[in-house]
Structure formats: C-alpha cells, structure tokens
Amino acid sequence: MKKPFFAFSAALCILELIFGQPAPFTFPLQQDSVRFAIIGDSGTADSHQFAVASQMVKARAILPFNFVLMLGDNIYGGHSTEDLKKKFDIPYQALLESGIPFYASLGNHDSENERFYAPFNMNGKRYYNYRKGNAEFFALDSNYMDPDQLDWLGRQLSSSSAAWKICYFHHPLYTDARFHGPDLDLRQRLEPILRKYSVNIVFSGHEHVYERLRPQNGIYFFVLGNSGELRPHDLRPSPETIKGYDTGRCFAMFEIVGDRIYFETISEDGRVVDSDILPRQPT
Amino acid sequence: MKLFTALALMCAPQLWLEPQARVNPDSALVEAFEGKVADYVKMRKAALDGLPPPARTMKHGELLREQHEIADRIRNARPEAKQGDICSPEISGELRRLIGLALSAGDKARIQATIRRADAVPVQLKINGPFPDRLPQPSMPPTLLLNLPSLPPELDYRLVGRTLILRDTLAGIIVDFVPDALPGTK
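Residues numbered from 1 in each chain as written. Chains lettered and ligands numbered in written order. Predicted model: local features only at pLDDT ≥ 70, side-chain atom pairs only at ≥ 80, totals over all residues.

### Comments concerning the overall build of chain A
Turning to step 1, where the next piece is worked out: Per the secondary structure count, chain A includes six helices and 13 strands.
Turning to step 2, where the next piece is worked out: The C-alpha atoms of chain A give a radius of gyration of 18 Å, which matches the 19 Å a tight globule of 283 residues would have.
Turning to step 3, where the next piece is worked out: Expressed along its principal axes, the backbone C-alpha trace of chain A runs to roughly 55 × 40 × 40 Å.
Turning to step 4, where the next piece is worked out: Evaluated residue by residue, chain A yields a buried proportion of 51% over its 283 residues.
Turning to step 5, where the next piece is worked out: Within chain A, counting contacts between residues at least 6 apart in sequence, those at least 24 apart form 68% of the total. (Helix = DSSP H or I, 4+ residues; strand = E, 2+ residues; numbered from the N terminus. Rg over C-alpha atoms; globule rule 2.2 N^0.38 Å. Buried ≥ 20, exposed ≤ 12 C-beta atoms within 10 Å, placed from the backbone. Contact = placed C-beta atoms within 7 Å.)

### Some words on the overall build of chain B
Turning to step 1, where the next piece is worked out: Looking only at helices and strands, chain B features six helices and three strands.
Turning to step 2, where the next piece is worked out: Element order for chain B, N to C, with α for helix and β for strand: α-α-α-α-α-α-β-β-β.
Turning to step 3, where the next piece is worked out: For chain B, buried positions account for 30% of its 186 residues.
Turning to step 4, where the next piece is worked out: Long-range contacts, defined here as pairs at least 24 residues apart, represent 63% of the contacts in chain B between residues at least 6 apart.

### Focus on the interface of chain A and chain B
Turning to step 1, where the next piece is worked out: Counting residues at the interface gives 32 residues for chain A, matched by 31 residues for chain B.
Turning to step 2, where the next piece is worked out: Counting only elements with at least two residues in the side of chain A that touches chain B, the list comes to α3 (81–89) and α6 (184–196) of chain A.
Turning to step 3, where the next piece is worked out: The leading source of residues in the side of chain A that touches chain B is α6(A), at five residues.
Turning to step 4, where the next piece is worked out: Looking at the side of chain A that touches chain B residue by residue, the class counts come to nine nonpolar, 17 polar and six charged. (Nonpolar A, V, L, I, M, F, W, Y, C, P; charged D, E, K, R; others polar.)

### Looking at the confidence of the model for chain B
Should pLDDT be low for a region, the predicted coordinates there are not to be read in detail.
Turning to step 1, where the next piece is worked out: Summarising the model, chain B shows a mean pLDDT of 85, and 84% of its residues fall at 70 or more.
Turning to step 2, where the next piece is worked out: Element-level pLDDT for chain B is lowest in helix α1 (residues 2–16) of chain B, with a mean of 53, against a maximum mean of 97 in strand β3 (residues 173–178) of chain B. (pLDDT = per-residue confidence, 0-100.)

### Structural notes on the sheet that holds strand β4 (residues 128–132) of chain A
Residue and element names in this part refer to chain A.
Turning to step 1, where the next piece is worked out: Taken in spatial order, the seven strands line up as β4-β5-β6-β7-β9-β8-β10 in an open sheet, and their pairing is mixed. Of all strands in the sheet, those with a lone pairing partner are β4 and β10 (241–245), marking the two edges. Taking the axes of each pair of neighbouring strands and ignoring which way they run, one obtains an average angle of 15 degrees across the sheet.
Turning to step 2, where the next piece is worked out: Pairing geometry for strand β5 (residues 135–139) and strand β6 (residues 164–168), over five bridges, is parallel. (Pairing = 2+ DSSP bridges. Axes fitted to C-alpha atoms, helices over the stretch in contact; angles between N-to-C directions.)

### A short note on helix α5 (residues 108–116) of chain B
Residues that lie three or four places apart on an α-helix share one face, since the helix turns once every 3.6 residues.
Turning to step 1, where the next piece is worked out: Residues of α5(B) that are buried: B:Ile111, B:Thr114 and B:Ile115. All buried residues of α5(B) fall inside an arc of 100 degrees around its axis, so they share one side. With respect to the buried face of α5(B), the exposed residues turned more than 90 degrees away are B:Ala109 and B:Arg116.
Turning to step 2, where the next piece is worked out: Residues of α5(B) that are buried make contact with α6 of chain A together with α4 (89–104), α6 (142–147) and β1 (155–160) of chain B. (Arc of directions from axis to C-beta.)

### Topic: the environment of A:Ser142
Turning to step 1, where the next piece is worked out: Inspection of the secondary structure assignment puts A:Ser142 in the loop between β5 and α5 (147–158).
Turning to step 2, where the next piece is worked out: When the C-alpha positions of A:Ser142 and A:Leu186 are compared, they lie 7.7 Å apart, and in sequence the two are 44 residues distant.

### Considerations on the sheet that holds strand β13 (residues 272–279) of chain A
Residues and elements named next belong to chain A.
Turning to step 1, where the next piece is worked out: Ordered in space as β3-β2-β1-β11-β12-β13, the six strands form an open sheet in which the pairing is mixed. Either end of the sheet is taken by a strand with one partner, and the two such strands are β3 (102–104) and β13. Neighbour to neighbour, the strand axes of the sheet diverge by 20 degrees on average, direction disregarded.
Turning to step 2, where the next piece is worked out: Where strand β12 (residues 260–267) lies against β13, seven bridges are found, and the strand directions are antiparallel. Bridge pairing links Glu264 to Ser275 in β13.
Turning to step 3, where the next piece is worked out: Running at roughly 30 degrees to strand β11 (residues 250–257), helix α2 (residues 47–59) makes contact with β1 (34–39), β11 and β12 of the sheet.

### Some points on the packing of α6(A) against α5(B)
Turning to step 1, where the next piece is worked out: The interhelical angle for the contact between α6(A) and α5(B), taken along N-to-C directions, is 120 degrees, at an axis separation of 7 Å. When the axes of α6(A) and α5(B) are compared, the pair comes out oblique. Seen from α6(A), the contacting residues are A:Leu184, A:Asp185, A:Leu186 and A:Gln188; seen from α5(B), they are B:Arg110, B:Ile111, B:Ala113 and B:Thr114. (Parallel < 35°, antiparallel > 145°, perpendicular 65-115°, else oblique.)

### Brief notes about the confidence of the model for chain A
Turning to step 1, where the next piece is worked out: The predicted model of chain A has a mean per-residue pLDDT of 92, with 92% of residues at 70 or higher.
Turning to step 2, where the next piece is worked out: For the stretch residues 1–6 of chain A, pLDDT sits under 50, and the model shows one contact to residues farther than four places along the chain or on other chains.

### As for the pairing of β12(A)
Residues and elements named next belong to chain A.
Turning to step 1, where the next piece is worked out: In terms of burial, β12 is a largely internal element, seven of the eight residues being buried.
Turning to step 2, where the next piece is worked out: Looking at chain direction, β11 and β12 are connected through eight bridges and run antiparallel. Counted as the bridge partner of Met253 is Glu264 from β12.
Turning to step 3, where the next piece is worked out: In sequence, β11 turns back onto β12 through a hairpin of two residues, with Gly258 there showing a positive phi of about 60 degrees.

### Topic: the environment of B:Glu90
Turning to step 1, where the next piece is worked out: Looking at the element boundaries, B:Glu90 is found in helix α4.
Turning to step 2, where the next piece is worked out: Placed 58 residues apart in sequence, B:Glu90 and B:Ala32 show a C-alpha to C-alpha distance of 9.7 Å.

### Notes on α6(A)
Turning to step 1, where the next piece is worked out: With 13 residues, α6(A) ought to run about 18 Å at 1.5 Å a step, and its terminal C-alpha atoms sit 18 Å apart, in line with that.
Turning to step 2, where the next piece is worked out: In α6(A), a bend of some 40 degrees at A:Leu190 exceeds every other bend along the element, and A:Pro192, a proline, comes one to four places later.
Turning to step 3, where the next piece is worked out: Along α6(A), the residues that are buried comprise A:Asp185, A:Leu186, A:Arg189, A:Leu190 and A:Leu194.
Turning to step 4, where the next piece is worked out: Looking at the buried positions of α6(A), the neighbouring elements they touch are α5, β6 and β7 (201–204) of chain A together with α5 and α6 of chain B.
Turning to step 5, where the next piece is worked out: Of the residues flanking the end of α6(A), it is A:Ser198, one or two places downstream, whose phi is positive at about 55 degrees. (Expected span 1.5 Å × (residues − 1). Bend = angle between axes of the 7 residues up to and from the residue.)

This is the structure we're talking about:
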C-alpha cells in the first residue's frame, strides 16, 4: 500500500538532486481537502512583506488555500490604527477581500491586545483551537506558557478526534538558526505534551529564516520566520536540517489529503524553495 | 501514680512554650501575596465599573482607545500606588526564593538560556507607568511560571533584566515590581 508513495517520494528526491531545487509536483486539489498557508514574522510593512503577499495571491492559482496561519510578530513596532493598516490590512488586502481568514498567534513583538483585533480571529484569547476538516489547529502563546495554558492544551489534545493535530506558536523548540536558537525551557515543558497526544506538525517563527527539520520524536517541525523580516545567512545546517532558506523571504502552503500532507514553500520572487509530501505519523 | 507524675513532668515544659506555628511561613507569604493580588483585582473591577467588558473583536482604533481608557481608570483609582504595595519586602523575598529554587535545580542552564534569548529591552520602572508594547515583549521561562504563585488573567509576570514585573495585561501598565528578582552574576 505504501510502496507507490515511497517510490514517488524517492523520485522527487532524485529530481531535486538533479535539478538542484525541489522538484515540482501537483497538489491533489481534492474536494474537501484542508488547504492553508503559513506566514511568520511578517508585519514589517516593507516591500518584502508586500512581495510575499503578492506571491500568496498568485499561488492561489496553484493551491486555492482557504485560510492562513500567522506564526507571530504580526505587527512590528507601534500598534496604532495606521500601523495595523500598513502592516496587515493593506499587504493582505487582496486575500482579505477574497474572504480568506487569518488565524494569528502572538509573537514577542506583538501587543497582547492584538487578540481582540477582529481580522486575527483570536476572539480575545491568547491561545485557542479550531477544526478544519480532518485537522485541528492549536494556536499557542509561547511568550507566556503558564501552567494554565499547558493544562488547557493537554485537555484539548486529549479530547481531539482529528486525524491531524497541528500546533503553532512563535518560539521554536528546534532550530539551527543561531541568532536565538531553540527555546530549551519551552521545549522541556511543552514537548512532552505534544508527544503524549501525538501532535503531527509544529510550526514556529521567531528566527528569521525558513527551516524544515527531520522529525523530532516523531513530530514534523517547521520554522518560518521570514515572511517580512530576514536574517541573512543565519542558518547553520545540522544533520537535523532537511531544508533551509535564509537568503530571502517566503511563505508556505499546505494541502492535507487523508493521511498525506503536501506542501510548497515559495520565495518572494516566486521560486519553490522546498516541497514535499509527508505521511501522517502512526499514532 | 509514679508513672503519671513522670509523664506530667515530662510534658510540663510544653505548656510554657509558644504554640507551634501551624502554617509554613513561606506559604503564609504566598497567601499574603495572593490576597494583595485579589485586592488589586477587586479595586480594578470597581475602577472599570460601567465600562463594557472588552469586545472579543474590535476594529482599528478601538483597541488602543480601550487600552488607554482601562489604564487611565486604574491609574486614577490608585494614584498613590508605589513599589512594594503588592510585592512587600517580605513577599519580594519569597518570590526571589521561589525563583532561586527553580534556578538551583537542574533547570538553571535552560532557564537562563531562555531569559538571555528573550529579547528583553530596558523598561522604565514606574508604578502605573506603561509597559511599552512597541518593544519586544520578554517571554517568560515556563519553569519559572511553574514555580511562581499563579495569577488571575488580569495580571502576568514579566522579567526585564533582573527585575520581575507584575503587569496589568489589558491596561499594559506596571502594577508592581521586584528588584533583583534574578540572582546577579558574580
């Protein structure tokens, strides 16, 4: 049953070796699949944020994603009316006008009161969850991972019947970026819960690079903190790095079809910098 | 009879002694802290009386207006507030001790790494003053939060340098602080 999938994955790897970049593939675009995009550390209001936003609009021709996860640092600097407009509303205007909802998590540059900002869909909560098809998403506040939040997460995960459990928050538990590095104390407290309840994927930002790591304790980890900000050449790839990109901005888009997740990571100039098809881990 | 007399003589000194404290003094300090926090929340509730609870969603401008209104009302309700009102010297000592306990266990290196990487920037430590939201918000090591007394949602802890700040989350103001909460480097 699994042979065709592995043969296809192997073919993609061979093509990547030959062409030096991820081999293109076609999203299944299956009816009722879960389609979403992710951005992180985006709220700069500079031309790069606009370039990424523009690529997101174009990419919807390839994968018409239905919602966007925000991995924190949604609004850098001030939080005035003008700031919210120029760092969020205007860059993503086309997506917002197409009815694409954004689901934010808070970064260390965000005001906690962003949780009341209607377009961020946080409904006044620092951490929250929502279900889309066969996936459940858990947006966490890694600025302040207090015992109440850890308890809440354990309860929500234990009662979730979703096939895919996806957590996202700002500070990465694993990363090969050197500026901040992984948050070891957060990892110590959070990862046992993620493992216990078989979380499939974790998305984080904070480090201004893109990075996909080898599964850690069975969990897929992505860092994407360069949808606006960038820290060039900050990655020091390790044996745990599958793919890194630290010379430009990007976003990523995903389609969940049954027990597979398909994704592409696209740079601000429209190049595919990473892509793959990942199987759902056995529980 | 002799046995009874002997027992009575053995127990007699206990009668002159002070009754043994039934409450752990450290727990009493935590309880005192929680009481002061509850008083703050009560005062805050009274100060915000008549103000509708924050809407779950707001538009441009409403966010900041709401925050400023709440902050002003709290400031007006405690104009004489000063450092130590909630974190008295004794309570500050206890909070330092609890942080020290977390740091003295095997978690020390991990917690210190998280604190170092928290992007904390200097904040003007003024009671009722703003905790500026245009600066990076220092993240709190979860292990410290496990060790410190829990707070109601109206308040949170923040570490800036070696200072532990008690912050009003909605108003974004400094309610009290504990200087030298983190041990210094020698």
